[in-house]
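Chain residues, written in single-letter form:
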Amino acid sequence: GGGGGGGGGDPVPSSRSLKAVSLRGSICVSLLTLPRPSLSLGRVGYTDGWRDATFSFDLHNESAVPTACRFTSLPPEVEVLSAADDAAGGAGGGGGGGGG
């Protein structure tokens, strides 16, 4: 196509081109897994007098790069301790999960 510039002169030439570009790259998807498909928290609640239940689990990084982990939408009764808290004796309180 082409179009006049409004003065009724010669049409403006147009052309189209296609260029192929060689592209090479890689991608890494973060993947954290639990060592087992489920976690047993033991007998908690009414059975143990509603005492605080502390438990931990390991997360395995299956990706080729360091992976960040974040818990979201936890109920207020669940307290998450870091590995540093655990090594220092913990902060006490509710259940939690560790990562690493």
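Parameters at a glance
Residues numbered from 1 in each chain as written. Predicted model: local features only at pLDDT ≥ 70, side-chain atom pairs only at ≥ 80, totals over all residues. Heavy atoms only, no water. Helix = DSSP H or I, 4+ residues; strand = E, 2+ residues; numbered from the N terminus. Buried < 20%, exposed > 50% of the residue type's maximum accessible area, 1.4 Å probe, protein only. Contact = heavy atoms within 4.5 Å. Areas by Shrake-Rupley, 256 points an atom, 1.4 Å probe, with all protein chains shown as cover. pLDDT = per-residue confidence, 0-100. Patch = residues over 30% accessible without salt bridge, like charges linked within 9 Å, V, L, I, M, F, W, Y side chains within 5 Å. Salt bridge = Lys/Arg side-chain N within 4 Å of Asp/Glu carboxyl O. Phe/Tyr/Trp six-rings, centres within 6.5 Å; stacked < 30°, edge-to-face > 60°. Lys, Arg positive; Asp, Glu negative; His and termini not counted. Polar contact = N/O pair within 3.5 Å; in protein donor to acceptor, adjacent residues only side chain to side chain.

(A) Broad picture of the overall build of the chain. Per the secondary structure count, the chain includes one helix and two strands. The helix and strand sequence of the chain, counted from the amino end, reads β-β-α. Out of the 100 residues in the chain, the part that is buried amounts to 11%. At a minimum sequence separation of 6, the contacts of the chain that also span at least 24 residues come to 57%. Here the chain has roughly 8,700 Å² of accessible surface; of this, 53% comes from carbon and sulfur atoms.

(B) Fine view of the environment of V65. If you trace the backbone, V65 turns up in the loop between β2 (60-61) and α1 (83-87). With a relative accessible area of 36%, V65 lands in the partly exposed category. Each C-alpha atom of the pair V65 and V29 lies 8.8 Å from the other, and the pair is 36 residues apart in sequence.

(C) Highlighting the environment of L59. Within the element layout of this structure, L59 appears in the loop between β1 (32-33) and β2. Along the primary structure L59 and L34 are separated by 25 residues, whereas in three dimensions their C-alpha atoms are 5.2 Å apart.

(D) Looking closely at unusual backbone geometry. You will see that W50, though not glycine, has its phi angle at about 60°, which is positive. Take W50: it is sitting in the loop between β1 and β2.

(E) Representation of the confidence of the model for the chain. Summing up the model confidence of the chain, the mean pLDDT is 74 and the portion of residues at 70 or higher is 73%. Of all the helices and strands in the chain, α1 carries the lowest mean pLDDT, 63, while β2 carries the highest, 90. Across residues 90-100, confidence stays below pLDDT 50; counting only partners more than four residues off in sequence or on other chains, it has 37 contacts.

(F) Fine view of the environment of L34. Note on placement: L34 falls in the loop between β1 and β2. The residues contacting L34, other than those within four sequence positions of it, are F57, D58, L59 and H60.

(G) Local environment of a nonpolar patch on the surface. A contiguous nonpolar surface patch, about 300 Å² in accessible area, is contributed by L34, L39, L41 and V44. Position of V44 among the secondary structure elements: in the loop between β1 and β2.

(H) Focus on the packing of aromatic side chains. Applying the stated criterion across every chain, the model contains one aromatic pair. Measuring from centroid to centroid gives 6.5 Å for F55 and F57, while their planes differ by 20°, and the two rings are stacked. Note on F57: relative accessible area 15%, which makes it buried.

(I) Region of interest: the side chain of D48. Here D48 lies in the loop between β1 and β2. For the buried D48, which has no salt bridge, the nearest side chain bearing the opposite charge is R51, at an N-O separation of 4.5 Å. For D48, the side chain forms a polar contact with the main-chain nitrogen of G45, separated by 3.0 Å.

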